[in-house]
Amino acid sequence: MALEILKPGLATTVQDLGRPGYYHLGIPVSGGMDRLSLAGANLLVGNEEGDAVLEAVFLGPEIRFTSDAVIAVTGAELPVKIDGVECPTWTTLGIKADQVLSFGFLKAGARAYIAISGGVDVPVVLGSRSTYPLGALGGYRGRKLEAGDVLALFPAKRPVAVGTAIAPELRRGPGASPVLRVLPGLYRHRITAEAGKGFFEDTWKVAPEADRIGYRFRGGRPLEFVPREPPFGAGSDPSNIVDSCYPYGSIQIPAGAEPIVLHRDAVSGGGYFMIGAVISADMDLIGQLQPNQKVRFSAVTMEEALAARKDARTTAAKIRESI
Amino acid sequence: MTMRYSFGGDEHIFVEVDEEMSLDAFFKSLSITNVVRDMKIAGVTEICPANASFQIKYDPDVIAPESLLLELQRLEGLADSNDSTLATRIIEVPVYYNDPWTHETQMRFRERHQDPTGTDLEYAARVNGYATVDDFIAAHAGSPWFVSMVGFVAGLPFLYQMVERNKQLQTPKYLRPRTDTPKLTIGHGGCFGAVYSVRGAGGYQMFGITPMPIYDPAQEISYLRDFMIFFKPGDIVKFKPVDRAEYDTVQAAVADGTFVPLIKPVTFSLDEFKANPAAVNAKLLGVLHGA
């Protein structure tokens, strides 16, 4: 039972729900950038929600199966083909030994989750099978997949009928005009009140530098800082702070120019001020943003953040019940 | 020092112990995070001490953000009463200063540097008032350094020099960050030193390279078999200048599994250090070299 990678796609990696507990040593949580889609793909093939899957970004891989399996592809609208015949996404599919799974051109979203019955069998490192390429850690040999790689699979767990699907209303994506909700804070006081207001009024565009470490945005007005005498050890730029931890989802804006939202392979700390952090419920949406997509940030309260988190949990529960 | 609390989204509490860096702020951050770890608060998933701040990650489905905030503010008082001594270890890190590999990288990215005609060491010596590069290296390798944070990337230590503030080496970062830094480069930015645990982007000035790996995800290096990351906050580092021949010798010893880093247990008192840094450093180096 194995997968043979014929073409790797752009940056296909093995991911599960992540590796919490080592951020204080600079090892980020990693795991799927769109966790709800990852869990959904696993449920559609009878796996546990956190089993290891493949995360493909923008361009899908081409994979030959060495035995019969059940698969599902969720997340981005990346057309699925089995031996060239198009099949539905978000749906339990059967694939036979020697058949080839491939993908058409991306229609919407950014990251597709390819779950296979049983899950991908790579070693557990520090509690997770997720790949952290910068640290050459986890996944398949600590790196993105390459042509010729052969990945082992665990035996299938629960049977799920071919054709089972997650209803369209439960497939959460960023939509046509995405808004990322932000809890302002952290070093928000470093910029003027007007600059803070402008940040939430402006429309931003996803920059080409958008990956698992973080997403960079462009196009808003530069931010004006409150004047100060630089604190010892911070550095001379007004956007510098004494190097601190960076929360997942935190929005740093070096030199007040281009915001960067850190994601699941985040650098764990550094010396740039942060205006706040994207709320946990909207982190999955970032994983589905494409370069050049227009985005707005909207300020919310902790109560609103927790309510959004509850909504996301309800959606996850509905997906679970529907399969 | 006034502690400043802020939520970082709905899953983090961020605490700035002080706006500026000092050993006092670092000790307080380390002390509170140790107390929080010992409390084993349900819902707290990650505790990250940093230079002059710390961060707690929690699951808001298990503990309400406001409750955790109040609990942390209560623990701040408890940590205050702790005495400022630290049982830790001192480690000797060999450094080949002015090495050919960081030099080659410096030349590749020269247009991103404040001084396109010189080297990072020449620039750092000049802006810190040292007549020669050798004098600067003597200052860099002369006093011990505290590991005040581990992070940015896997296992990278931030190092804070254990001398009076007016003697601390300070350099700006590159004007624009490099896209490449050799693995195990000894870097410096602001008042902080660093050892680049992996090859990659970086903005710190580059002074040399160590033959002693500090991160090994494969866990094959003899002293990284138990855990893949060498440093932890509170470790004390002493750099030892080595030449090319000794660099090669250590590297070969690492490869054949016979290299054993020089490590000694020490107790550090912040109060003693503040009263007489030179005497405390002399004592630490005495312990390191078996005096």
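Remember, it's a predicted structure, so these values are computed and weren't measured experimentally.

Trainee: What exactly am I supposed to notice about the overall build of chain A here?
Mentor: Secondary structure assignment for chain A yields four helices and 21 strands. Along the longest, intermediate and shortest principal axes, the C-alpha atoms of chain A span 65 × 35 × 30 Å. Within chain A, the fraction of its 323 residues that count as buried is 53%. Sequence-distant contacts, at least 24 apart, represent 76% of the contacts inside chain A between residues at least 6 apart.

Trainee: Just checking my understanding: could you explain the sheet that holds strand 7 (residues 85–87) of chain A for this structure?
Mentor: Sheets are built from strands paired through backbone hydrogen bonds, the pairs being either parallel or antiparallel. Residue and element names in this part refer to chain A. Pairing within the open sheet is antiparallel, and its seven strands lie in the order 7-6-9-4-1-12-11. Edge strands, defined here as strands with exactly one partner in the open sheet, are strand 7 and strand 11 (120–121). As defined by bridge partners, strand 6 (residues 80–82) adjoins strand 9 (residues 100–103) across three bridges and the pair is classed as antiparallel. Paired with Val 80 across the bridge in strand 9 is Phe 103.

Trainee: In this structure, what is going on with the nonpolar core? I would like to understand it.
Mentor: If you look at soluble globular proteins, the nonpolar side chains tend to sit buried side by side. Formed by 170 residues in total, the largest nonpolar core has its most connected members in A:Ile71, A:Ile114 and A:Ala115. Look past the residues within four positions of A:Ile71 in its chain and what remains in contact with it is A:Val45, A:Leu93, A:Ile95, A:Leu101, A:Ile114, A:Ala115 and A:Ile116.

Trainee: Where do I start with helix 8 (residues 277–288) of chain B in this structure?
Mentor: Each α-helix turn comprises 3.6 residues. Residues three or four places apart therefore point the same way. All names here are of chain B. Along its twelve residues, helix 8 runs 16 Å from first to last C-alpha, staying within 8% of the 16 Å computed at 1.5 Å per residue. Check the buried side of helix 8 and you find it contacts strand 5 (85–97), strand 11 (236–241), strand 12 (263–269) and helix 7 (270–275). Gly 290, located one to two residues past helix 8, shows a positive phi value of around 75°.

Trainee: What is the right way to read the interface of chain A and chain B from this model?
Mentor: A common measure of how large an interface is: the accessible area buried when the components associate. Counting residues at the interface gives 41 residues for chain A, matched by 44 residues for chain B. Listing elements by their share of the side of chain A that touches chain B, those giving two or more residues are strand 16 (240–245), strand 19 (269–272), strand 20 (274–278) and helix 4 (302–322) of chain A. By residue class, the composition of the side of chain A that touches chain B is 22 nonpolar, 17 polar and two charged.

Trainee: Help me understand the domain arrangement of chain A, please; the structure alone is not making it clear to me.
Mentor: Residue and element names in this part refer to chain A. When its domains are assigned, chain A resolves into domain 1 (2–170) and domain 2 (179–319). Here the C-alpha centroids of domain 1 and domain 2 sit 28 Å apart. With 23 residues of domain 1 at the contact, the number on the domain 2 side is 17 residues. Going through the elements one at a time, helix 1 (35–44), strand 5 (69–77) and strand 10 (108–116) are the ones with two or more residues in the side of domain 1 that touches domain 2. Among the elements that make up the side of domain 1 that touches domain 2, the one with the highest residue count is helix 1 (five residues). Tallied by class, the residues present in the side of domain 1 that touches domain 2 amount to 13 nonpolar, seven polar and three charged.

About the thresholds
Residues numbered from 1 in each chain as written. Chains lettered and ligands numbered in written order. Predicted model: local features only at pLDDT ≥ 70, side-chain atom pairs only at ≥ 80, totals over all residues. Helix = DSSP H or I, 4+ residues; strand = E, 2+ residues; numbered from the N terminus. Buried ≥ 20, exposed ≤ 12 C-beta atoms within 10 Å, placed from the backbone. Contact = placed C-beta atoms within 7 Å. Pairing = 2+ DSSP bridges. Core = buried A, V, L, I, M, F, W, Y, C linked by C-beta atoms within 7 Å. Expected span 1.5 Å × (residues − 1). Nonpolar A, V, L, I, M, F, W, Y, C, P; charged D, E, K, R; others polar. Domains from an automatic or database assignment.

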